[in-house]
Amino acid sequence: MNCAFAYGDKSLEAAVSRVNEIQCVAIIGAGTMGQGIVIDLLRKSPYEILLLDVKQEALQAARDRFEGLWKRDVSAFRLREEDRERLSSRVTYTQEYDALSRADIIWEVATERSEIKASIFRLIEEAVDPVSIAAIFSNTSSHTTEELAALFASGAFREKFLTVHGYFPFESNRLIDVMKGKYASNETFKIGTVFADQILEKTVISLPVDHHGYITDPLFQAMGAIVSWDVDGPQDIVERGGLWDLFTANPFVVLDQTGHMPYTESSRHLGEALPATDRLRGLYNRDGAYYPEWIARLEISGDTGINSSKRRGFYAWSKSKPSAVYDPKSGDYVPMGEISRKDYWSYYEATEKDRLAGKIKSTASLVHVACASDAGGRAFRRYALPLCLYALDMIQDRIATPGQINIATRAGLRFKVGLIELIDALIGSLTIDGLIQLVRRAQDENADDPYMVDMLDVDGTTGPRINRPCLLLEMKRRNLSRLLGYGKYYRTPVAELCLDSGDYRGCYLDLKFGEPSTKGRVASIIFNSPLRGNVFNKAVIDQLGHAYSRVLKLHAKGACGAVLFTAAGTGLRMFGADAREFNRGWFERDKGYAPLSESEAAASSRNGVGLFRLIQQSPVASIGVFGEKWGGGAEFTYFLDLRYDIRSFGFTFDSLKRQSQWGLKCNYNQPELDYAILPGFGAAGELKRLGMGDSVIFELFDQGLTADRAFQVGLCNGVFDNELEALQRGFERARQMAKDAPYSRALFKKELARGANDAALATETGEIFNPKKNPFISVGLLALLDRGKRPPAMNYSCDQVELPGWRYPSENGMAEFSGEQELDGASANS
């Protein structure tokens, strides 16, 4: 979204206001990361962009990339020619630091080396007024914010300084880190978080506590480093590195795509700066070497990845795919062999187990490999278990929460199974004692490697964690068996353990939850996966179910009277069900559609409609503010009390003229019949309930409805051109709706669902005037009876009130576990 909104949070209003005043952002460094940030900002904001680099050839390469990208977008009917010209005109390329004086935010992404950063920061101080600048960011993979802030001479600049770090490729990776450190003001920290969240439209991990490389980078760095010391031949890169293909991707492939420099520079810094208590410090300083000699040879030769002159690094690359692998002994590139089925049979068994179960890289398959007796099992225990223990250390040391680590690995590293989900699955399958025994088994297997023995310590008897027993032992003592809470429908993560209290609190990858203020009493639920169009998948259903259970608890206490539903991202788009979940397991083009069972498909409809019906029938007022909506995303809004629409513009295809043309797009789209399926979230029945005639319903399904057409037929209640105005008006409408007395609203919804019944209406009218049944009337009627005096504030609590036609659900939106239970979709047919 090209602006920010506070969603009723008074503590964010100043930061939101400052972010909405931004006109110019300066990026220092025109390399891969800098280019990605510029592309992202041009697509998502109206800002002028200053791109600064000391090398003219770097600026020219960036310009060439941008122009080529915009031209392709024009050819593909994603942009108009005038849009391309406008995008190009918004970028100023410069080698002069004086140009930074007009920037509102400065973002350094030039280097990982602190001495070069220090030189850049001195030039910033000479060129910029610290009073006028909103914030200064530095991208780093290994430093703490305090380390870098200390490079500024002035305290005024330190107060405006944050480390803010995105992941490759920046423009299509949803994760971003914002770390405060010692010197930054709280207001600067809020500005950085709001900017990353609402302007860049990222999933934000905000860390008030300093940590080398945030959460994600130390894990990714370690994925490569822990394998690198064991690489003797080319097959080790493929097979040992291939362990991580079970989670996400081989790190050596990713490093070739990003370039080796951030990895080697980070290894050097981590080897020098990691604290004595860091479990993984032995990966970065072995006899004075920060990384193995074979990686140093690649760096010296300039073979640092796909963007190097010879297009080679750990692999030789043909177009976008590796064609050969590096042989550390000969220095040559040799054909890549397959992972040995004889030695690594557990990898293949895990894949086959997932295929038969219709799953993709499940926790069950990872647990299978973890316990296997082959080379794959030994690789898992040698390489993956130390990272699991490291994640537990970060929780134990209060660096990060379980949910943050899980989200970081899922969103940033694109793990199919988050690291904390894996730990929970290992505990669920083996028990805590069994997991501890598995780690000790790994220690025994690696007894001749002192670095590995230290990294696998759980008792606090050796290595960096001496006298600090692993969190697993504390969990056992406190009878804590899970670090995450899981949804009641599909058992995907919805909550995280608070180590201090032992309670579980909501924590969502694909949603944001805004708490209601005491005065406004409006909660906000924001669908938060804009890169994928905010699709409805199993995880989102679980998260929405848990989030709405929080709403109902707040309503029972009188703390919430309405919910604003909306979507993150430009245009507030809301797509439908995740098409990838229509196929059983991975979709493979050569094999075609792998059908779901009837029970699986039915469960998808039953779970979604059941949740939407709960939202519809509850006494909590609801309003949706969205732009373009498709399939299940449109269906969801039919269950809400009110709908506000933002006009959508873009290219549409005129099937008569056989050409794409720019114009007003449809906000309501139901294309299911075109794909030989049905609208499984209840569109037909809900549209009828909303008073739509058959002709309008067919119109919607066959061609869609624009926002204005939907307003004309009574499907939407307000139309806006501006996202911010729509959110402001929607939130204010929700605030007014939240003032409704709970008994009256519950009874009114009951009557709407029932239809006309004069006898029942008379009875209910009598009941509503009875203060013993409707205690809210004693205050509510004072506004009519005593107009000369301001009525007292209403107590909206429903704890002791029986609302007509409504019972609060007893569950908390989380699955209950008893004994050994698998997490992967265990209740798909609930």
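Note that the coordinates shown come from a computational prediction; the quantities given were computed from them, not determined experimentally.

Undergrad: Any chance you could break down helix H5 (residues 114-127) for me, citing the residues and the numbers?
TA: In a regular helix each residue adds 1.5 Å, so 14 residues correspond to 20 Å; H5 covers 20 Å between its end C-alpha atoms and thus fits that length. When H5 is considered as a whole, its buried residues turn out to be Lys-117, Ala-118, Ile-120, Phe-121, Ile-124, Glu-125 and Ala-127.

Undergrad: Account for the environment of Pro-251, with residues named and values stated.
TA: Secondary-structure assignment places Pro-251 in helix H11 (residues 251-258). Once the C-alpha coordinates of Pro-251 and Thr-351 are considered, the two residues, 100 residues apart in sequence, prove to be 19 Å apart. Beyond its immediate sequence surroundings of up to four residues, Pro-251 is in contact with Phe-220, Met-223, Gly-224, Gly-241 and Trp-244.

Undergrad: Can you explain the packing of helix H9 (residues 216-228) against helix H16 (residues 375-396)? Please cite residues and give values.
TA: One can describe the packing of H9 onto H16 by two numbers: an axis separation of 10 Å at closest approach and a directional angle of 150 degrees. Classed by the angle they form, the pair H9 and H16 counts as roughly antiparallel. By crossing handedness, the relation of H9 to H16 is classed as right-handed. Within the contact between the two elements, H9 uses Pro-218, Leu-219, Ala-222, Met-223, Ile-226 and Val-227 and H16 uses Arg-382, Tyr-383, Pro-386, Leu-387, Tyr-390 and Met-394. Residue composition of the contact of H9 with H16, by class: 11 nonpolar, no polar and 1 charged.

Undergrad: Talk me through the packing of aromatic side chains; I want residue IDs and the actual numbers.
TA: Tallied over the full model, the rule gives 36 aromatic pairs. On the basis of an interplanar angle of 10 degrees and a centroid distance of 6.3 Å, the ring pair of Tyr-47 and Phe-195 is categorised as stacked. Placement of the pair is Tyr-47 in the loop between helix H2 (32-44) and strand E2 (48-52) and Phe-195 in helix H8 (residues 186-199), with a sequence separation of 148 residues. By the burial criterion, Tyr-47 is buried, and Phe-195 matches it. Residues Phe-651 and Trp-662 carry aromatic rings whose centres are separated by 5.4 Å and whose planes lie at 85 degrees to one another, so their mutual orientation is edge-to-face.

Undergrad: Before we move on, could you go through the sheet that holds strand E13 (residues 493-497) and cite the residues and values that matter?
TA: Here we have 3 strands laid out as an open sheet, ordered E12-E13-E14, and antiparallel in their pairing. Each edge of the open sheet carries a strand with a single partner, namely strand E12 (484-486) and strand E14 (504-506). The average undirected angle you get between the axes of adjacent strands in this sheet is 40 degrees. Relative to E13, E12 is paired through 3 bridges, and the arrangement is antiparallel. Residue pairing for E13: Leu-484 is matched across the bridge by Glu-496. Packing of helix H17 (residues 402-412) onto the sheet brings it into contact with E12 and E13, and relative to E13 it is tilted by some 140 degrees.

Reading the values: rules and limits
- Residues numbered from 1 in each chain as written.
- Predicted model: local features only at pLDDT ≥ 70, side-chain atom pairs only at ≥ 80, totals over all residues.
- Heavy atoms only, no water.
- Helix = DSSP H or I, 4+ residues; strand = E, 2+ residues; numbered from the N terminus.
- Expected span 1.5 Å × (residues − 1).
- Buried < 20%, exposed > 50% of the residue type's maximum accessible area, 1.4 Å probe, protein only.
- Contact = heavy atoms within 4.5 Å.
- Axes fitted to C-alpha atoms, helices over the stretch in contact; angles between N-to-C directions.
- Parallel < 35°, antiparallel > 145°, perpendicular 65-115°, else oblique.
- Left-handed = near helix turned anticlockwise from the far one by under 90°.
- Nonpolar A, V, L, I, M, F, W, Y, C, P; charged D, E, K, R; others polar.
- Phe/Tyr/Trp six-rings, centres within 6.5 Å; stacked < 30°, edge-to-face > 60°.
- Pairing = 2+ DSSP bridges.

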